[in-house]
Amino acid sequence: MSDDNIEVGEDIEIDVVVDEDGDVVGAVVDDVIVATSADGSIVDETIDVLDADGNVVLEDETVSVYDADGNLVAQAEEITVV
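Parameters at a glance
Residues numbered from 1 in each chain as written. Predicted model: local features only at pLDDT ≥ 70, side-chain atom pairs only at ≥ 80, totals over all residues. Heavy atoms only, no water. Helix = DSSP H or I, 4+ residues; strand = E, 2+ residues; numbered from the N terminus. Contact = heavy atoms within 4.5 Å. Pairing = 2+ DSSP bridges. Axes fitted to C-alpha atoms, helices over the stretch in contact; angles between N-to-C directions.

Undergrad: Even after reading the chapter, I still don't get the environment of Val-43, so can you show me in this structure?
TA: Note on placement: Val-43 falls in strand E3 (residues 40–51). In this structure the C-alpha to C-alpha distance between Val-43 and Val-8, which are 35 residues apart in sequence, comes to 9.9 Å. Setting aside anything within four residues of it in sequence, one finds Val-43 in contact with Val-32, Ile-33, Val-34, Thr-62, Val-63, Ser-64 and Tyr-66.

The structure is reproduced here in structure tokens:
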């Protein structure tokens, strides 16, 4: 029987991209969500690239599934260019 306790955590990292003059030309947002139980873990990482106006120009999402021993059992990646 599986353990019904699930822990969920999120980590967001934002890096601002500037040109040679120090003007903001965009940003990169890395958002990682992890759900873990005794049976394994699911990791959903989304990386968004934004332009200077805050519009998303590229999104890369990777979902990984790990078993209870930490072995990767499935992974899917989708890259979207806007």
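Anyway, onward from the coordinates.
Undergrad: Would you explain the environment of Asp-15 in this entry?
TA: Positionally, Asp-15 belongs in strand E1 (residues 7–18). Remark: the alpha-carbon pair of Asp-15 and Val-28, spanning 13 residues in sequence, is separated by 5.2 Å. Discounting residues that sit within four places of it in the chain, Asp-15 has contacts with Ala-27 and Val-28.

Undergrad: How should I be thinking about the sheet that holds strand E2 (residues 24–37) in this particular structure?
TA: By definition, the strands of a sheet pair up through backbone hydrogen bonds, in either a parallel or an antiparallel sense. Taken together, the five strands give an open sheet; going across it, the order is E1-E2-E3-E4-E5, and neighbouring strands pair in antiparallel fashion. The strands lining the two open edges of the sheet, one partner per strand, are E1 and strand E5 (72–81). In this sheet, neighbouring strand axes are inclined to one another by 10° on average, regardless of whether the strands run parallel or antiparallel. Sheet topology note: the strand E4 (residues 56–67)/E5 ladder contains nine bridges and is antiparallel. The residue of E5 that forms the bridge with Glu-61 is Glu-78.

These figures capture arrangement, not role.
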